[in-house]
Amino acid sequence: MGISHSLAKPLPSSVDVLTDEELLVMIDAARKDSSTALGISDEHTVMAGATAWRITPDAVVKLAPAHEAYIMTHVASYSSVRVPHVRRLIPVRPGEAFLLSKFWLVMDYVDGDVLETAWPRMSWWRRLWTVWRLRKSLQELHRIPLPSPDVPGPFDSTGEALPCSGHYFTELDAGPFESYRAMADWFDHLRYCVLVGMHIHSGKFEPHLYPTFDASQPLVLCHMDLNMRNIIVDRKGEVWLVDWGMAGAFPPWFEYANLVLFSRAAIPERRLPKSWMFFARFVAGDYRWYEEQYLHRLDYAFGGSWYEYVVPRGYFDRLGLSIEYRRQP
């Protein structure tokens, strides 16, 4: 087991002496005060709203699934990856059931800048130091033991399989998957849907351009949302990872794919800096093939759950066509 910076007894927090109800009152007040909002850095994120609020000088709160707090604590317990210390997980009030997440996650405030803001101001030497620290953090993260090594997705204390979220699991999430094979089958079904759609609408039959899911690599603990706003560089230059809501057990190439996800963003201002993209392979491993030749080609299928009811089953069997294709090592 690695020795974690957070294994030492955490410093007292101003929220430790507060009741859940007192914290909920503070959260209500913070949500009405724009000066406490975090995660808004430009006009594009204003549209989406704040993602977290600073409720005291040393504490922040965000809406979160219950497993996020569990995974953050798991990471802190088994590694030296810098993760904000979790202080409290509070259910939202019954009248706030409309909120997508059902818990308020109260954690320590990290005094620093998100990488998106810090990166343009960094010297090349400081950038090298930062990506090196991030690389080491990901390597350590991927070595953390998993509670269920063959069950993909997020996990919590129940041991039950949980739904997977994020761009590559459609807008409506996917799963839960009881096994790695079940997740691979789900992706292979997406592949089937794309091939059927192409054949119906354009007559193209190109299974060789769409390999089946590669489950040859073991599942590892991945952050799954390493955009530049979820990486904080503190005043000492240390790298912290925040926003663990999509984290879970996945093949390591998913980490790379999510890291470079916004390289093709439709809004130019949202595209990742070329200087950051230059380091992506060093940080997360050279998994370009998986992102460019596999996931990106399935991108059309990640737009929703239409594939469950409009794609005819057995389409190619009736035509006497085989769509079996697996990438050659």
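Anyway, here's the lowdown on the structure attached to this text. Just so it is clear, the model here is predicted, and its values are computed rather than measured.

Aromatic rings considered in pairs are described by the distance between their centres and by the relative angle of their planes. Overall, the coordinates contain 31 aromatic pairs when judged by the stated rule. Judged by centre distance (5.4 Å) and plane angle (45°), the rings of Phe213 and Trp253 are tilted. One end of the pair, Phe213, is in the loop between helix H6 (180–202) and strand E7 (220–222); the other, Trp253, is in helix H7 (residues 253–259), with 40 residues separating them in the sequence. In this structure, Arg54 packs its charged tip against the face of Tyr109, placed 3.6 Å from the ring centre. Directly above the ring of Trp124 sits Arg127, whose terminal nitrogen or CZ lies 5.0 Å from the centroid.

This part takes up the sheet that holds strand E8 (residues 231–234). Read from one edge to the other, the open sheet built from three strands follows the order E6-E8-E9, with strand pairing classed as antiparallel. The sheet is open, and its two borders are formed by strand E6 (112–114) and strand E9 (239–241), each paired with just one other strand. For this sheet, the mean angle separating the axes of adjacent strands, direction not counted, is 30°. Relative to E9, E8 runs antiparallel, the two being bridged by three bridges. When the bridges of E9 are listed, Ile232 appears paired with Trp240.

The next point concerns the sheet that holds strand E3 (residues 59–64). Read across the open sheet, the five strands follow the order E1-E2-E3-E5-E4; overall the sheet is antiparallel. Only two strands of the sheet have a single neighbouring strand rather than two, namely strand E1 (37–38) and strand E4 (86–91). One ladder, built from six bridges, connects E3 with strand E5 (residues 103–108); its direction is antiparallel. Looking at the pairing, Val60 lines up with Met107 of E5.

On to the pairing of E8. Residue alternation in E8 divides its side chains into two sets, Ile231 and Val233 and Ile232 and Asp234, and both sets are buried. Inspection of the sheet shows E6 paired to E8 by three bridges, in the antiparallel sense. Its bridge partner being in E8, Asp113 is matched across the sheet by Val233. Where E8 folds back on E9, the antiparallel hairpin that results is connected by four residues, among which Gly237 adopts a positive phi of roughly 85°.

Rules behind the numbers
Residue numbers run consecutively from 1 along every chain, following the written order of its sequence. Two thresholds apply to this predicted model, a pLDDT of at least 70 for residue-level local features and 80 or more for giving and counting side-chain atom pairs, whereas whole-chain, interface and lining totals are computed over all residues. Think of the side-chain values as coming from all heavy atoms in the structure, minus any hydrogens and water. Aromatic rings from Phe, Tyr and Trp, taking only the six-membered ring of Trp, are treated as a pair when their centres fall within 6.5 Å; an angle between ring planes under 30 degrees marks them as stacked, one over 60 as edge-to-face, and anything in between as tilted. A run of DSSP states H or I qualifies as a helix once it reaches four residues; a run of E qualifies as a strand once it reaches two. Both are numbered from the N-terminal end. The criterion is that NZ of a Lys, or CZ of an Arg, lies within 6 Å of the ring centre and within 35 degrees of the ring normal, and then a charge sits over that ring. When DSSP finds two or more bridges between a pair of strands, those strands are recorded as paired. Axis geometry follows a simple rule: fit a line to the C-alpha atoms, using only the stretch in contact for helices, then measure angles between N-to-C directions, giving values from 0 to 180 degrees. Relative accessible area decides the class of each residue, using a 1.4 Å probe on protein chains only: under 20% of the type maximum gives buried, over 50% gives exposed, and in between gives partly exposed.

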